[in-house]
Amino acid sequence: MTSAPPPLVSLLVCTKGRSAQLERLFDSLLVQGDDPACPDFEVVLVDQNEPGTLEPVVARYRDRLAIDHVRSAPGLSRARNVGLARCRGDLIAFPDDDCWYPAGLVAEVARLFAAHRQADAVTGRTLDATGRESLGAFLAADGPVDRRNVWFAGNSNGLFVRAAAARAVGGFDESLGVGAATPFRSGEETDFLLRLLGQGRGVVFRHGLVVHHDQVAQAGRHTRAADYARGFGRVLRLHRYGLPYLAFRLARFTASGTRALLRRDTGTALDKALWAIGTVSGYCAGRAGPGEVVAGE
């Protein structure tokens, strides 16, 4: 008996502490299969919970979704690299465990890659349930991604990449991202895109390509700002963004913080100050090591 062909798309989901949100994601994936144009896809679920925590959830969906359930030690980038080794699809997506897909998304991703054969990665936006942009600001129109605009070209939820390119670039830098054993708790997705660009690979942004994600909770916002800023500064240094660019970004943080103070929005002003301080801290943390991939100016 011949085995089934591998799926076209692998959805790599790293999860910790979010059973209810994970079920929302899985429910949205079931809807994908209702579209006759939807290609075959698998879910590579990389579990960082206590053993057994997700077994009831996986059991409820296993007969309706192709789920490869594996475990990983802590660290988001580490978990993604564990998952990359398991992905069988030609295309790979990285949905967070607390995002959800609109109907037809997987089919749309497959169509975009078919239409843009020169592109090794496609990125899109994240919107909340009301249609507002979440998890950052985004480019206003379709276009190629480069070193200047990569910061506004999306986050991991809206990142889709050819499997061959993801492996050729070496996966994710495990010194970056949530759960890393370093102070650099962000930046792994942008670093990944910059390394793709550094290899001369095409990356395109599509404004109409949307994944849903709630707004970031206000609780813990200042700690998150400090953590994420250090990762941002580290990526600037790794990819050799020079001191003039660093000064430009610091000036923007300062201007935004000043405007917030004038509005008496002390919370936002503190966030911008933490971003400025953390960016400098990450940038000055050390030079790129001899084995680290850096992009030219």
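Refer to the structure printed above.
The sections below set out a description of the structure shown in this document. The shown structure was predicted, so the numbers you read here are calculated from the model rather than taken from an experiment.

### Observations concerning the nonpolar core
Here is step 1 of the chain: Trp-151, Val-161 and Leu-196 are the most contacted members of the largest nonpolar core, which totals 44 residues.
Here is step 2 of the chain: Examining the composition of this core, we find that five residues originate from one element, helix α6 (residues 188-198), more than from any other.
Here is step 3 of the chain: Those residues in contact with Leu-196 that lie beyond four places of it in its chain are Ala-121, Val-161, Ala-165, Val-169, Arg-201 and Val-203.
Here is step 4 of the chain: Core analysis: the second largest hydrophobic core is formed by 32 residues, Leu-22, Leu-25, Leu-91 and Val-109 among them.

### What to know about the packing of helix α8 (residues 243-262) against helix α9 (residues 266-283)
Here is step 1 of the chain: Running from N to C, α8 and α9 cross one another at 165 degrees; their axes reach a closest spacing of 7 Å. Considering the angle they form, α8 stands roughly antiparallel to α9. In terms of crossing hand, the pair formed by α8 and α9 is left-handed. On α9, the residues that touch Leu-243, Leu-246, Leu-250, Phe-253, Ser-256, Gly-257, Ala-260 and Leu-261 of α8 are Thr-268, Ala-269, Lys-272, Trp-275, Ala-276, Thr-279, Val-280 and Tyr-283.

### What about the packing of aromatic side chains?
Here is step 1 of the chain: Going through the model one piece at a time under the given rule, you end up with 11 aromatic pairs.
Here is step 2 of the chain: Centre to centre, the rings of Phe-232 and Trp-275 are 6.1 Å apart; their planes meet at 70 degrees, and the pair counts as edge-to-face. Note that Phe-232 is positioned in helix α7 (residues 221-238) and Trp-275 in helix α9, a separation of 43 residues in sequence.
Here is step 3 of the chain: Put simply, the rings of Trp-151, Phe-232, Tyr-241, Tyr-245, Phe-248, Phe-253 and Trp-275 pair up and form one aromatic cluster.
Here is step 4 of the chain: The ring centre of Tyr-241 lies 4.1 Å from the NZ or CZ of Arg-147, which sits over that ring.
Here is step 5 of the chain: Its guanidinium or amino end placed over the ring of Tyr-283, Arg-237 lies 5.2 Å from that ring's centre, counting from NZ or CZ.

### A few points about the packing of α7 against α9
Here is step 1 of the chain: For the pair α7 and α9, interaxial distance at closest approach is 6 Å and the crossing angle is 35 degrees. Judged by the sense of rotation from one axis to the other, the crossing of α7 with α9 is right-handed. Residue-level inspection shows Arg-221, His-222, Ala-225, Ala-226, Tyr-228, Ala-229, Arg-230, Phe-232, Gly-233, Arg-234, Leu-236 and Arg-237 of α7 in contact with α9, the latter providing Gly-267, Thr-268, Leu-270, Asp-271, Leu-274, Trp-275, Gly-278, Thr-279, Ser-281, Gly-282 and Tyr-283.
Here is step 2 of the chain: Class assignment of the residues belonging to the contact of α7 with α9 gives a composition of 10 nonpolar, eight polar and five charged.

### What about unusual backbone geometry?
Here is step 1 of the chain: Even without glycine at this site, Arg-240 takes up a positive phi of about 55 degrees.
Here is step 2 of the chain: Residue placement: Arg-240 occurs in the loop between α7 and α8.
Here is step 3 of the chain: Located in the positive-phi region is Arg-264, a residue other than glycine, with phi close to 65 degrees.
Here is step 4 of the chain: Looking at the element boundaries, Arg-264 is found in the loop between α8 and α9.

### Quick word on empty space enclosed by the protein
It is the rolling of a water-molecule-sized probe over the atoms that shows where space remains empty.
Here is step 1 of the chain: Under the defined criterion, the tally for this structure stands at one cavity of 30 Å³ or more.
Here is step 2 of the chain: Roughly 40 Å³ of volume is contained in the largest cavity.
Here is step 3 of the chain: Broken down by element, the lining of the largest cavity gets its largest block of residues, three residues, from α6.
Here is step 4 of the chain: Class assignment for the residues of the lining of the largest cavity results in two nonpolar, five polar and one charged.

### Details of α6
Here is step 1 of the chain: The element α6 is largely enclosed, with a buried count of 10 among its 11 residues.
Here is step 2 of the chain: Of the surrounding elements, those touching the buried residues of α6 are α3 (76-84), β6 (119-127), β8 (159-162), α5 (163-168), β9 (202-213) and α7.

### Some words on the pattern of salt bridges
Here is step 1 of the chain: For the structure on display, the rule yields 22 salt bridges.
Here is step 2 of the chain: Where Asp-146 meets Arg-148, a salt bridge forms, and the shortest distance between an N and an O atom there is 2.9 Å.
Here is step 3 of the chain: Residue Arg-148 is classed as exposed on the basis of its relative accessible area of 66%.
Here is step 4 of the chain: Among the ionic pairs, Asp-265 bridges to Arg-263, the shortest N-O distance being 3.7 Å.
Here is step 5 of the chain: Its relative accessible area of 27% is what places Asp-265 among the partly exposed residues.
Here is step 6 of the chain: Through salt bridges with shared partners, one network takes in Arg-80, Asp-96, Glu-188 and Glu-189.

What counts as what
- Residues numbered from 1 in each chain as written.
- Predicted model: local features only at pLDDT ≥ 70, side-chain atom pairs only at ≥ 80, totals over all residues.
- Heavy atoms only, no water.
- Core = buried A, V, L, I, M, F, W, Y, C linked by side-chain atoms within 4.5 Å.
- Buried < 20%, exposed > 50% of the residue type's maximum accessible area, 1.4 Å probe, protein only.
- Helix = DSSP H or I, 4+ residues; strand = E, 2+ residues; numbered from the N terminus.
- Contact = heavy atoms within 4.5 Å.
- Axes fitted to C-alpha atoms, helices over the stretch in contact; angles between N-to-C directions.
- Parallel < 35°, antiparallel > 145°, perpendicular 65-115°, else oblique.
- Left-handed = near helix turned anticlockwise from the far one by under 90°.
- Phe/Tyr/Trp six-rings, centres within 6.5 Å; stacked < 30°, edge-to-face > 60°.
- Lys NZ or Arg CZ within 6 Å of the ring centre and 35° of its normal.
- Nonpolar A, V, L, I, M, F, W, Y, C, P; charged D, E, K, R; others polar.
- 1 Å grid on protein atoms, 1.4 Å probe; cavity = no way out; pocket = protein on both sides within 12 Å on 5 of 7 lines; lining within 4 Å.
- Points joined across faces, edges and corners; volume = space filled by probe spheres on them.
- Salt bridge = Lys/Arg side-chain N within 4 Å of Asp/Glu carboxyl O.

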